[in-house]
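Spelled out from the first residue to the last, the chains are:
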Amino acid sequence: MIRLRTTCMAVVGAAAMFALAAAPAQAAPGDVTTSCGSVLTPAGFVDVSWGYSSSCGTQSFSPNIKQIKQLTGLPVGTVVQACSTTYPPAGWVQTGSYYTSSCVAWSNPSFNNNAWQLKRVS
């Protein structure tokens, strides 16, 4: 019985890791998805918040999960808020920077600016 429960927990944990680590497939403009922090943010996306989830496999409570937003396809003039842990995609410019606790991506954060306001220009 213990082996069965352990096996089931391992399968569920692996499935959760795969779901969180998989790149977003065919996300619509403006869609927000979640992935483990160790997964590279795909082209056309920006990080919009960081947090912690035990499903991403760390033993500490350091930020290890992020929400990412699809910017490709949003109209010119659109303004979004993004964490400064990714570069703005082509066609987007930084119009401001600020600090927000939702963009803390390290276990020893400072209060330096860690987020950007971005505007689509082309």
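Above this text you will find the structure in question.
Residues numbered from 1 in each chain as written. Predicted model: local features only at pLDDT ≥ 70, side-chain atom pairs only at ≥ 80, totals over all residues. Heavy atoms only, no water.

Chemist: An account of the pairing of strand β3 (residues 65-70) is requested, with residue identities and associated values reported.
Modeler: On a regular strand, each side chain points to the face opposite its neighbour's, so the side chains alternate between the two faces of the sheet. Looking at chain direction, strand β1 (residues 32-36) and β3 are connected through five bridges and run antiparallel. Pairing of threonine 33 across the sheet is with isoleucine 68, part of β3. As judged from the six bridges shared by strand β2 (residues 45-51) and β3, these two strands associate in the antiparallel manner. When the bridges of β3 are listed, tryptophan 50 appears paired with lysine 66. (Pairing = 2+ DSSP bridges. Helix = DSSP H or I, 4+ residues; strand = E, 2+ residues; numbered from the N terminus.)

Chemist: Tell me what's going on with the side chain of glutamine 70, and back it up with residues and numbers.
Modeler: Tracing the sequence through the fold places glutamine 70 in strand β3. Classification of glutamine 70 as buried rests on a relative accessible area of 9%. Excluding its chain neighbours within four sequence positions, the residues that come into contact with glutamine 70 are Ala27, Ala28, Pro29, Gly30, Asp31, Gly44 and Phe45. (Buried < 20%, exposed > 50% of the residue type's maximum accessible area, 1.4 Å probe, protein only. Contact = heavy atoms within 4.5 Å.)

Chemist: Which residues make up the pattern of salt bridges, and what are the values?
Modeler: Scanning the entire structure with this criterion turns up one salt bridge. When the shortest N-O distance is used, the salt bridge between lysine 66 and aspartate 47 registers 3.9 Å. Here lysine 66 is found in strand β3, whereas its partner aspartate 47 is found in strand β2, with 19 residues between them in sequence. Each member of the pair lysine 66 and aspartate 47 is classed as buried. (Salt bridge = Lys/Arg side-chain N within 4 Å of Asp/Glu carboxyl O.)

Chemist: Tell me about the state of the cysteines, residues and numbers included.
Modeler: Across all of its chains, the model carries two disulfides by this definition. Between cysteine 36 and cysteine 56 runs a disulfide, and the two sulfur atoms are separated by 2.1 Å. Classification of the bridge connecting cysteine 36 and cysteine 56 rests on its S-S torsion, roughly -90°, and on that basis the disulfide is left-handed. Pair noted here: cysteine 36 is in strand β1 and cysteine 56 is in the loop between β2 and β3, with a separation of 20 residues, a long-range link. Neither residue differs from the other here; cysteine 36 and cysteine 56 are each classed as buried. (Disulfide = S-S within 2.5 Å.)

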